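Letter by letter, the chains look like this.
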There are 2 protein chains.
Amino acid sequence: MIDQSVGDVMTQSVQTITPEVTAREVATLFARHNIGSVVVVEPETNEPLGIVTESDVLREVAAGADVESRQAASFLTSPLVTIPTDADIHAAADRMKEHSIRRLPVIEDGTLLGILTTTDLTHYLPRLRNTILRDRSQLAGH
Amino acid sequence: MIDQSVGDVMTQSVQTITPEVTAREVATLFARHNIGSVVVVEPETNEPLGIVTESDVLREVAAGADVESRQAASFLTSPLVTIPTDADIHAAADRMKEHSIRRLPVIEDGTLLGILTTTDLTHYLPRLRNTILRDRSQLAGH
C-alpha cells in the first residue's frame, strides 16, 4: 500500500491530438472533457511527440496569437517527461517537483497507457493517511 | 506531522485581480508568474469575490470570446470554495475531490492568506511517505 504504483493511481483514459489541431480546438477539448492536457501523437504511428497543457494554450493567448489558426505543433511541450506504470507514486511526485510540471504521461515501449496528474495524487492522499493511522494504532497496540 | 495543516503547505503569495481585468490580461499574469489561478477581489474593500482559473479562461477561448475585451467579472467562478489555515491537508484533499477543483483559497475573517493547490499537496507527498517508513521501522523494532 505505501509504495502504490503509478499504474494504480493514474488516469487511464488520455485524450490525444495530432500536431495540426488548433489552440481553439484544444481549448474546446479541455472544456468538453474537463481535462487540463492532451498528448500530441504522430498521425501515422501514434507515437507520442509531446504534450499540450492549459498553460501552453494560455501562453499563446497571452502572446496575442490567433487561436483559430495557431497549431499545436508550434506550442507543444517536448520532449515528454514520462513515468513507467510500475514506478512508485512518491518517485512520480518527486519527478513532477523536479521538472515543475503537474502531469506525467505514462508510456511504456512507446505506447501511451495513461497520465498521472497532481489531481490523481491529491485524491490518493486521504488513503495514504489511513495507512499511517492504521500503522500508528498497531504501534500503540504493542 | 501526519495532520499537517493547510497553513504549513499552502502557497502564501496569491495574485489578485479586480473584476474588470480581461481574459488576455489574466493569461499574461498566469504566464508571467507561472501560476494557474488568480483570486478576484472587490477593488475598494479587497474582499474576495471569486476565482479565475486556467480552465475558466480556456472556456472563453473555446467559446470564441474576444479575449481582449472579455472581463473576469463575466467568467469568474463564484462563490469560492475555501479552507481555513488550521484545517488538516487531508480534509483539504477531500474537499477538492468533492468539488472537482484543484485550488482552495485560504481565507479567514474575509482576508485572503494564501492558496492551497494540488501541486502543493503533491510536493508534500514524499514527506508523508517518510513518516510512514519511520513508523514502519519503529514497528519492526518492537
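Please refer to the structure placed before this passage.
This section reports on the structure supplied with the text. (Residues numbered from 1 in each chain as written. Chains lettered and ligands numbered in written order. Predicted model: local features only at pLDDT ≥ 70, side-chain atom pairs only at ≥ 80, totals over all residues. Heavy atoms only, no water.)

## Some thoughts on the overall build of chain A
Line of reasoning, step 1. Along its length, chain A carries five helices and five strands.
Line of reasoning, step 2. With the principal axes as the frame, chain A shows a C-alpha extent of 65 × 30 × 25 Å.
Line of reasoning, step 3. In chain A, which comprises 142 residues, the share counted as buried stands at 48%.
Line of reasoning, step 4. Counting only contacts in chain A whose residues sit at least 6 apart along the sequence, the fraction spanning at least 24 positions is 56%.
Line of reasoning, step 5. Accessible surface computed for chain A: about 6,600 Å², of which carbon and sulfur atoms make up 44%.
Line of reasoning, step 6. Computing the positive centroid from 12 side-chain charges and the negative centroid from 20, chain A places the two 11 Å apart. (Helix = DSSP H or I, 4+ residues; strand = E, 2+ residues; numbered from the N terminus. Buried < 20%, exposed > 50% of the residue type's maximum accessible area, 1.4 Å probe, protein only. Contact = heavy atoms within 4.5 Å. Areas by Shrake-Rupley, 256 points an atom, 1.4 Å probe, with all protein chains shown as cover. Lys, Arg positive; Asp, Glu negative; His and termini not counted. Charge placed at Lys NZ, Arg CZ, Asp CG, Glu CD.)

## What to know about helix H2 (residues 23-33) of chain B
Line of reasoning, step 1. Those residues of H2(B) lying buried are B:Ala23, B:Val26, B:Ala27, B:Leu29 and B:Phe30. All buried residues of H2(B) project into a common sector of 160° when viewed along the axis, lining one side.
Line of reasoning, step 2. As for H2(B), its buried residues are in contact with helix H3 (54-62) of chain A together with strand S1 (16-17), strand S2 (37-41), strand S3 (48-53) and helix H3 (54-62) of chain B.
Line of reasoning, step 3. B:Asn34 lies just past H2(B) and shows a positive phi near 55°. (Arc of directions from axis to C-beta.)

## Thoughts on helix H5 (residues 118-141) of chain B
Line of reasoning, step 1. With 24 residues, H5(B) extends 35 Å from end C-alpha to end C-alpha; this agrees with the ideal 34 Å at 1.5 Å per step.
Line of reasoning, step 2. Taken as a whole, H5(B) carries its principal kink of about 35° at B:Leu125; the proline B:Pro126 stands between one and four residues after it. (Expected span 1.5 Å × (residues − 1). Bend = angle between axes of the 7 residues up to and from the residue.)

## A word on the sheet that holds S3(B)
All names here are of chain B.
Line of reasoning, step 1. Spatially, S1-S2-S3 is the arrangement adopted by the three strands of the open sheet, whose pairing is mixed. Edge positions in the sheet fall to S1 and S3, since each has one partner strand and no second.
Line of reasoning, step 2. Relative to S2, H2 is tilted by about 130°, and along the sheet it contacts S1, S2 and S3. (Pairing = 2+ DSSP bridges. Axes fitted to C-alpha atoms, helices over the stretch in contact; angles between N-to-C directions.)

## Quick word on the interface of chain A and chain B
Line of reasoning, step 1. Listed per partner, the contact involves 44 residues of chain A and 44 residues of chain B.
Line of reasoning, step 2. Across the chain A to chain B interface the summed buried area is about 4,100 Å²; carbon plus sulfur atoms make up 66%.
Line of reasoning, step 3. Taken together, the connections running from chain A to chain B amount to two salt bridges.
Line of reasoning, step 4. Across the pair A:Glu54 and B:Arg102 runs a salt bridge, and its minimum N-O distance is 2.8 Å.
Line of reasoning, step 5. Along the contact surface separating chain A from chain B lie nine residue pairs in polar contact (both at pLDDT 80 or more).
Line of reasoning, step 6. Counting only elements with at least two residues in the side of chain A that touches chain B, the list comes to helix H2 (23-33), H3, helix H4 (89-99) and helix H5 (118-141) of chain A.
Line of reasoning, step 7. It is H5(A) that contributes the most residues to the side of chain A that touches chain B, 17 residues altogether.
Line of reasoning, step 8. Class assignment of the residues belonging to the side of chain A that touches chain B gives a composition of 20 nonpolar, 11 polar and 13 charged. (Buried area = accessible area lost by both parts, 1.4 Å probe. Salt bridge = Lys/Arg side-chain N within 4 Å of Asp/Glu carboxyl O. Polar contact = N/O pair within 3.5 Å; in protein donor to acceptor, adjacent residues only side chain to side chain. Nonpolar A, V, L, I, M, F, W, Y, C, P; charged D, E, K, R; others polar.)

None of this, on its own, says anything about what the molecule does.
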